[in-house]
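Structure assessment
The residues making up each chain are set out below.
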Amino acid sequence: MNKKFLYEIFTINQNEYLEKKSKGYLKEKSHYFTPQSIVNKMIDTIDLDNFKAKKSIRILEPSAGGGILILAIVFYILEYSDIKEIDVDAYEIDEEVFKILEANICHLIKYFKLDKEINLRINLNNSNFICEKAKQWDFKNIKGGYDIIISNPPYKKINKTCYEAKALKEISFGQPNLYSLFMALSLQLLNENGIYIVLSPRNYLSGMYNKKLREFIFSKYTLIKLHSFYNRNFFKYVNQEVIISTFVRGEGNQNISISHNDKFECNVSLSSIIFDQENNSLIVPKSFRDIEIFNKMLRFDNTIKDLHVDISVGPVVQFRENFLSPEIYNEEYAPLLVAKDVAENNIMYFERKNSRKTHKKSIGNNSKQLINNSNYVVLRKVMAKDDNDIIVSAILTKEYFNHEYLGLDNNLLYFHNKDKNKELTLDECYGIYCYINSEYFKQYYLLINSTHTINVTDFKNIKFPSVESINNMGKEIRNIGVYDKKTCTDILLKECNNLL
């Protein structure tokens with residue numbers, strides 16, 4: 001039995017399990033096992049120089065799966081350091097997967113059994129990592145103990161009343177995702193100068209839901225490396241961009257290494273990739289062009305608040321609404337717009353018959369969720385599979401519908417005047433449309449957004465051109481009458497050439 005054969009055994013056992021299970025089962029259990037190519041990327045981020053003075057090392061794998069990360073890190077340490085004494089603690093909550101883990105680790109232990117110089121101890125736990133660790137201490141008093149922690153934690157939202165959320169209440173916000181709690185507890189368990197490598201969704205780097213986690217991270221730890229992949233949807237059932245993050249406990253230099261596939265790598269200051277200082281939100285660039293666009297977009301001085309504009313989520317949640325109708329709107333029912341009614345290049349399809357078969361077309365005037373018929377910029381909240389861009393939007397003028405009120409589904413967002421008694425002018429609407437549909441804006445938004453869902457908070461922090469520039473762009477694109485990305489980009493460059 002050699003090293004290559006061990007990898008084959010681990011991989012075969014892991015794949016046999018996956019092949020037996022349905023997609024729904026794997027998604028429900030959050031079983032997204034780490035491919036060997038990604039394992040290698042994670043291992044490569046470990047700098048063993050941190051442990052030169054050590055004769056022994058402690059490792060934690062809090063979501064072990066079939067154990068392939070344990071296999072990789074053990075061989076890496078033995079090959080590239082003088083350490084011969086390795087202690088590993090591994091946790092796996094699922095009983096069926098735990099049996100695979102036990103079988104695989106038996107092969108690994110057997111491999112080193114005859115080597116008298118190597119002392120490898122692996123402690124397997126068929127239990128809930130967070131429950132086991134959190135019940136021993138309260139979060140603030142949990143002590144370090146591990147030199148290296150490596151994991152691909154479960155990606156799954158849980159109820160805020162769950163034990164895990166309550167146990168880590170200092171980190172939890174709203175309906176937390178398990179991976180963020182795994183990250184917080186793992187970091188807390190690191191020794192000083194210890195290293196934590198995690199494969200996780202990128203969205204912990206931005207947004208309000210993970211603000212507490214970021215505050216915790218930057219209070220005690222240094223983010224030293226970020227690695228992203230070409231495919232934003234790395235795992236089939238995870239609708240989020242997945243990245244590798246590497247942390248060190250303690251204050252280090254404020255430079256960070258950023259890489260993307262095998263095509264881009266750079267070292268930048270951490271401060272240079274923060275797009276929201278107040279909330280410590282970061283971008284993850286994938287090229288030098290990304291960095292260039294990011295820096296250019298920061299030159300704009302205005303937020304939508306400065307433009308006296310706001311952005312809101314459509315208020316109609318259809319399954320909670322009692323006043324819906326499949327019929328076209330009339331005196332008693334207002335038109336109801338849904339995401340499919342908005343298409344690229346400023347196209348609205350409300351009158352389409354084929355695409356509206358399964359959708360309600362109107363909403364009763366007595367609904368409390370109606371808004372005034374006015375001038376809006378409407379955009380899809382969630383990117384559809386056939387969308388070419390994350391920003392899909394259109395202008396909704398008050399003349400489009402002959403009705404006093406409108407219903408907007410909650411899968412739509414809309415720009416409106418900050419004063420609800422006033423309306424946006426057409427130049428303002430078209431100017432905002434032109435800006436957010438330009439190539440510059442769309443690439444910038446991909447830098448700060450890690451899912452296929454648009455975040456209202458992001459838009460409130462993004463910088464916009466001046467009121468004058470917005471109006472000028474609106475006039476220009478209305479005169480041209482073409483609303484594609486190239487036209488929007490050309491107009492933006494013409495108006496803001498001194499900044500872009």
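Quick caveat: nothing in here was measured; it's all calculated off a predicted structure. (Residues numbered from 1 in each chain as written. Predicted model: local features only at pLDDT ≥ 70, side-chain atom pairs only at ≥ 80, totals over all residues. Heavy atoms only, no water.)

Glancing now at the overall build of the protein. The number of helices and strands found in the protein is 15 helices and 22 strands. Expressed along its principal axes, the backbone C-alpha trace of the protein runs to roughly 85 × 50 × 40 Å. Of all 500 residues assigned to the protein, the portion counted as buried reaches 56%. In the structure as shown, the protein presents an accessible area of about 23,300 Å², 46% of it carried by carbon and sulfur atoms. (Helix = DSSP H or I, 4+ residues; strand = E, 2+ residues; numbered from the N terminus. Buried < 20%, exposed > 50% of the residue type's maximum accessible area, 1.4 Å probe, protein only. Areas by Shrake-Rupley, 256 points an atom, 1.4 Å probe, with all protein chains shown as cover.)

This brings us to the confidence of the model for the protein. Across the protein, pLDDT averages 90, with 94% of residues at or above 70. Taken element by element, the predicted model of the protein shows its lowest mean pLDDT in helix 2 (residues 23-29) (82) and its highest in helix 11 (residues 426-436) (98). (pLDDT = per-residue confidence, 0-100.)

By volume, the largest pocket is sized at about 1,000 Å³. Lining the largest pocket are 34 residues, and of these Lys157, Asn203, Tyr209, Gln240 and Thr451 sit closest to its centre. Of all elements in the fold, only helix 8 (178-188) and helix 13 (456-461) reach the threshold of two or more residues within the lining of the largest pocket. Residue composition of the lining of the largest pocket, by class: 14 nonpolar, 16 polar and four charged. For the second largest pocket, the calculated volume is near 580 Å³. Put simply, the parts of the chain that give the lining of the second largest pocket at least two residues each are helix 2, helix 4 (68-80), helix 6 (129-134) and helix 8. Counted by class, the lining of the second largest pocket contains 16 nonpolar, ten polar and eight charged residues. (1 Å grid on protein atoms, 1.4 Å probe; cavity = no way out; pocket = protein on both sides within 12 Å on 5 of 7 lines; lining within 4 Å. Points joined across faces, edges and corners; volume = space filled by probe spheres on them. Nonpolar A, V, L, I, M, F, W, Y, C, P; charged D, E, K, R; others polar.)

On to the pairing of strand 22 (residues 412-417). For strand 22, the buried fraction is high: six of the six residues fall into the buried class. As paired elements, strand 12 (residues 309-313) and strand 22 share five bridges and run antiparallel to each other. Each bridged residue has a counterpart across the sheet, and for serine 312 the counterpart in strand 22 is tyrosine 414. Pairing of strand 19 (residues 376-380) with strand 22 involves four bridges; the strand directions are antiparallel. The partner of leucine 379 across the bridge, within strand 22, is leucine 413. (Pairing = 2+ DSSP bridges.)

Looking now at a nonpolar patch on the surface. A surface patch of nonpolar side chains, amounting to about 290 Å² of accessible area, comprises Phe173, Met208 and Tyr209. Its location among the elements puts tyrosine 209 in the loop between strand 5 (190-201) and helix 9 (211-220). (Patch = residues over 30% accessible without salt bridge, like charges linked within 9 Å, V, L, I, M, F, W, Y side chains within 5 Å. Salt bridge = Lys/Arg side-chain N within 4 Å of Asp/Glu carboxyl O.)

This part covers the state of the cysteines. Summed over the entire model, instances satisfying the criterion amount to zero disulfides. Residue cysteine 434 stays outside any disulfide, its sulfur separated by 4.3 Å from that of cysteine 488, the closest cysteine. (Disulfide = S-S within 2.5 Å.)

The next point concerns the pairing of strand 6 (residues 221-228). With respect to burial, strand 6 is a largely interior element, six of its eight residues being buried. Pairing geometry for strand 6 and strand 7 (residues 242-249), over six bridges, is antiparallel. Within the sheet, the bridge partner assigned to histidine 227 lies in strand 7 and is isoleucine 244. Bridging between strand 6 and strand 8 (residues 255-260) involves four bridges; their strand directions are parallel. The residue of strand 8 that forms the bridge with lysine 225 is serine 257.

Moving on, we come to the sheet that holds strand 3 (residues 119-125). Pairing in this open sheet of nine strands is mixed, and the strands run 3-2-1-4-5-7-6-8-9 from one edge to the other. Of all the strands in the sheet, the pair left with one neighbour each is strand 3 and strand 9 (264-269). Here the strands of the sheet are splayed against their neighbours by 15° on average, with no regard to which way each runs. The sheet strands contacting helix 3 (residues 36-44) are strand 4 (146-151), strand 5, strand 6 and strand 7, and the helix crosses strand 5 at an angle near 150°. (Axes fitted to C-alpha atoms, helices over the stretch in contact; angles between N-to-C directions. Contact = heavy atoms within 4.5 Å.)

We now examine the environment of asparagine 253. For asparagine 253, the location among the structural elements is in the loop between strand 7 and strand 8. With relative accessibility at 55%, the residue asparagine 253 sits in the exposed group. When the C-alpha positions of asparagine 253 and leucine 270 are compared, they lie 9.3 Å apart, and in sequence the two are 17 residues distant.

Turning our eyes to something else, we now look at the packing of aromatic side chains. Tallied over the entire structure, the rule returns 30 aromatic pairs. Aromatic pair phenylalanine 294 and tyrosine 444: ring centres 6.0 Å apart, planes at 10°, arrangement stacked. On the criterion of sequence distance, the pair formed by phenylalanine 294 in helix 10 (residues 288-297) and tyrosine 444 in helix 12 (residues 439-448) is long-range, its members being 150 residues apart. Classification of phenylalanine 294 by relative accessible area gives buried; the value is 1%. Accessibility expressed as a relative area gives 3% for tyrosine 444, which makes it buried. The interplanar angle of 85° and the centroid separation of 5.3 Å between the aromatic rings of tyrosine 376 and tyrosine 414 together place this pair among those described as edge-to-face. (Phe/Tyr/Trp six-rings, centres within 6.5 Å; stacked < 30°, edge-to-face > 60°.)

Bringing the packing of helix 11 against helix 14 (residues 467-480) into the picture now. Helix-helix packing: each pair is described by the crossing angle between the helix axes and the interaxial distance. Helix 14 packs onto helix 11 with a crossing angle of 90° between their chain directions and a minimal axis gap of 7 Å. Considered as vectors, helix 11 and helix 14 are oriented roughly perpendicular to each other. Contact residues: helix 11 offers Leu426, Asp427, Glu428, Tyr430, Gly431, Ile432, Tyr433, Cys434 and Tyr435, while helix 14 offers Ile470, Asn471, Met473, Gly474, Lys475, Ile477 and Arg478. Looking at side-chain class alone, the contact of helix 11 with helix 14 contains nine nonpolar, three polar and four charged residues. (Parallel < 35°, antiparallel > 145°, perpendicular 65-115°, else oblique.)

Now for the sheet that holds strand 12. Across the sheet, which stays open at both edges, the four strands sit in the order 12-22-19-20 with antiparallel pairing between neighbours. Two strands close off the open sheet at either side, each with one partner strand: strand 12 and strand 20 (393-396). Across the sheet, the mean angle from the axis of one strand to that of its neighbour is 25°, orientation sign disregarded.

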